[in-house]
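# Examining the three-dimensional arrangement
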Amino acid sequence: AIHETGFKDVMHNPLSTFSIDVDKASYSNVRRFLNMGQLPPMDAVRIEEMINYFSYDYPEPEGKHPFSVYTEISACPWNPSHQLLHVGLKGKSIDKSELPASNLVFLIDVSGSMSSANKLPLLKQAFRMLVNELRPQDRVAIVVYAGAAGLVLESTEGSEKQEIVAALEKLQSGGSTAGGAGLELAYKVAQKHFLEEGNNRIILATDGDFNVGISDTGELKSFIERKRESGVTLSVLGFGRGNYNDELMQALAQNGNGNAAYIDTLSEARKVLVEEAGSTLFTIAKDVKLQLEFNPATVSEYRLIGYETRLLNREDFNNDKVDAGDIGAGHTVTALYEITPVGADGRLVDDLRYQSETAKPAAGSTEEYAFMKIRYKLPDSNTSTLITAPVTRGSEAASVEQASRDDRFAASVAAFGQVLSGGRYTGSFTYDDVVSLAQSAKGEDRFGYRAEFINLVRLAKSAAALEPGKQ
């Protein structure tokens, strides 16, 4: 179960440390429930994945680092006496023609449970789109698993599109799932055709039910962790409903230096595998960790919204052995903190009786809300690089209305995720409030994702009205 992170008192807990999260599976999974007229189970709602489903218009990186860092502070929409601190990272956009060659292995679940229309048939269409994007220097092999694992297509050059598509078309479902054996074979094939300067990745497509082979989640995770050292990464695409094992897929992608997406429609397949192919398939920075030190002269308490499964210990930040999330080419990552400014009403953490509570502010530091440190490694390095930046009053908007469009939209998604999860900190903020905040921030919305979000909030309102005790 996901337990929402509560408020921390800055005097005693000045540091917040977490790994970035690049997965987006939770949003499409939540969308699936709402489209069926049901509220999603609380454990399906991972707020940071919902926020990160959308891309934001952060500045392109300049200089030597592979991503840029953006901060903004605005009034908190659901609690006007608090503020929202918005942190955004933007990975360097790379032109498709300049991306390194890919050595891909499609690892496809063809077990009996994959036969319904939104599973294997949709998977074939999704992979066909990806094959269409391949260049002659890219390679693809296809490994399947059901009762046994097998190599269906030897590693084949990207120019042989017909041959690759023909192998995909022949796939049929039947048998039980031996996912572990399939993974072992996929890593062997990826290793055999390993590209020293390239992108070596397994793309696992499944409805998530590993019931034969290495089925113990812990054992699977440690197998993938060991393989991560070899330079082969793992992306997980979830399909279908029913037994889709969200938690297991999450764990596999997190431990395999990859990402997880949930493909429920053809347009979602296009988003993940065509529009966002760069960020889905090409890592430009790995093991990205953030640590914020809040300034007790300006902030009395804070809470990180979401990222519950990504929290790190304070000392993990400087430990290069500790795994963290990766940023893909052109990718944006967003994190929001709700902060209580010093002197504001509505503090949730009381002062202590026996400890001195007065902060000794450093000279001139009332201009700073926090000091941010980011560590990352380049894809082929084991040593991290440090970026630091103060979060100052200069990035503050006077009101919610004056905040940037992206800030307001990210806040509306964060509010929605919280209201869906029970609204522990959102007070009387309603689905209608989410809709009006999101509508004010829709912007150009080239692919209609933000408009779709607004419709989902309306669906949630209707679904909540049908559930006793949820109004």
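Our subject in this report is the structure included herewith. Just so we're clear, the structure is a prediction, and the values are computed from it rather than from any experiment. (Residues numbered from 1 in each chain as written. Predicted model: local features only at pLDDT ≥ 70, side-chain atom pairs only at ≥ 80, totals over all residues. Heavy atoms only, no water.)

## A look at the nonpolar core
Condition: Residues belong to a common nonpolar core when they are buried Ala, Val, Leu, Ile, Met, Phe, Trp, Tyr or Cys residues joined through side-chain atoms within 4.5 Å. Buried, partly exposed and exposed residues are distinguished by accessible area as a fraction of the type maximum, computed with a 1.4 Å probe on protein chains only: under 20%, between the cut-offs, and over 50%, respectively. Think of it this way: any DSSP run of H or I at least four residues long counts as a helix, any run of E at least two long counts as a strand, and we number them from the N terminus.
The biggest cluster of nonpolar side chains holds 67 residues, and the ones touching the most others in it are Phe106, Ile108, Phe127, Ile142, Val288, Leu290 and Phe294. Among the elements that make up this core, the one with the highest residue count is helix α3 (residues 120-132) (8 residues). Among the nonpolar cores identified, the runner-up in size contains 43 residues, and Tyr53, Phe429, Val457 and Ala464 belong to it.

## A look at the packing of aromatic side chains
Selection rule: Centre distance within 6.5 Å is the pairing criterion for rings of Phe, Tyr and Trp, where only the six-membered ring of Trp is used; planes under 30 degrees apart are then read as stacked, over 60 as edge-to-face, and the remainder as tilted. The rule is short: NZ of Lys or CZ of Arg within 6 Å of the ring centre and within 35 degrees of the ring normal puts a charge over the ring.
Within this structure, the stated rule accounts for 22 aromatic pairs. Plain terms: the ring middles of Tyr53 and Phe54 are 5.2 Å apart, the flat faces sit at 80° to each other, and that makes the pair edge-to-face. Under the relative-accessibility criterion, Tyr53 is labelled buried at 1%. Between Phe294 and Tyr337, the aromatic rings sit 5.2 Å apart at their centres with planes inclined by 70°, giving edge-to-face as the arrangement. Linking Phe294 in strand β11 (residues 283-294) with Tyr337 in strand β14 (residues 332-341), this pair joins segments that are 43 residues apart in sequence. Tyr337 gets classed as buried once you look at its relative accessible area, which sits at 0%. The rings of Tyr27, Tyr53, Phe54, Phe409, Phe416, Tyr431, Phe447, Tyr449 and Phe453 are connected pair by pair, giving a single aromatic cluster. Positioned above the aromatic ring of Tyr53, the side-chain terminus of Lys271 is 3.8 Å from the ring centre.

## Structural notes on the environment of Ala260
Position of Ala260 among the secondary structure elements: in strand β10 (residues 260-263). Here Ala260 falls in the buried class, since its relative accessible area comes to 3%. For the pair Ala260 and Glu62, spaced 198 residues apart in the sequence, the C-alpha separation amounts to 28 Å.

## A word on the sheet that holds strand β1 (residues 8-9)
For clarity, the cut-off: A strand pair is defined by DSSP finding two or more bridges across the two strands.
A sheet is described by the order of its strands in space; here 5 strands give the open sequence β1-β12-β14-β4-β3, paired in antiparallel fashion. Only two strands of the sheet have a single neighbouring strand rather than two, namely β1 and β3 (67-75). Pairing of strand β4 (residues 83-91) with β14 involves 8 bridges; the strand directions are antiparallel. The residue of β14 that forms the bridge with Leu89 is Val333.

## Here's the deal with the environment of Ile51
Note the threshold: Contacts are assigned to residue pairs with any non-hydrogen atoms lying within 4.5 Å of each other.
Of note, Ile51 is situated in helix α2 (residues 47-51). As for Ile51 and Ala335, which are separated by 284 residues in sequence, their C-alpha atoms are 8.1 Å apart. With sequence-adjacent residues up to four places away left out, Ile51 is seen in contact with Tyr56, Thr334, Leu336, Ala410, Val413 and Ala414.

## Digging into the sheet that holds strand β5 (residues 102-109)
In a beta sheet, neighbouring strands pair by backbone hydrogen bonds and run either parallel or antiparallel. Formally: Axes, fitted as lines to C-alpha atoms, cover a helix only where it is in contact. Angles between the N-to-C directions of the axes lie from 0 to 180 degrees.
Strand order in the open sheet formed by 6 strands is β7-β6-β5-β8-β9-β10, and the pairing between neighbours is mixed. What marks the edges here is a single partner per strand, and that holds for β7 (149-157) and β10. Adjacent strand axes in the sheet meet at a mean angle of 20° when their direction is disregarded. Direction of pairing for strand β8 (residues 199-206) relative to strand β9 (residues 233-239): parallel, over a ladder of 6 bridges. Bridged to Leu204 within β9 is Val236. Against the sheet, helix α8 (residues 266-275) makes contact with β9 and β10, and its axis sits at roughly 155° relative to β10, the strand it touches most.

## A word on the pairing of β3
Of all 9 residues in β3, 7 are buried; the element is thus mostly enclosed. Bridge analysis of β3 against β4 gives 9 bridges, and the strand direction is antiparallel. Note that in β4 the partner of Glu72 across the bridge is His86.

## A closer look at unusual backbone geometry
Trans is the common state for peptide bonds, and a negative phi is the common state for residues other than glycine. Backbone geometry at Tyr307 places phi at a positive 60°, although glycine is not the residue there. Mapped onto the elements, Tyr307 comes out in the loop between β12 (299-304) and β13 (325-328). Phi is positive for Asp445, close to 50°, though the residue is something other than glycine. Note that Asp445 resides in the loop between α11 (431-439) and α12 (449-466).

Remember, this is a structural readout, not a statement about activity or role.
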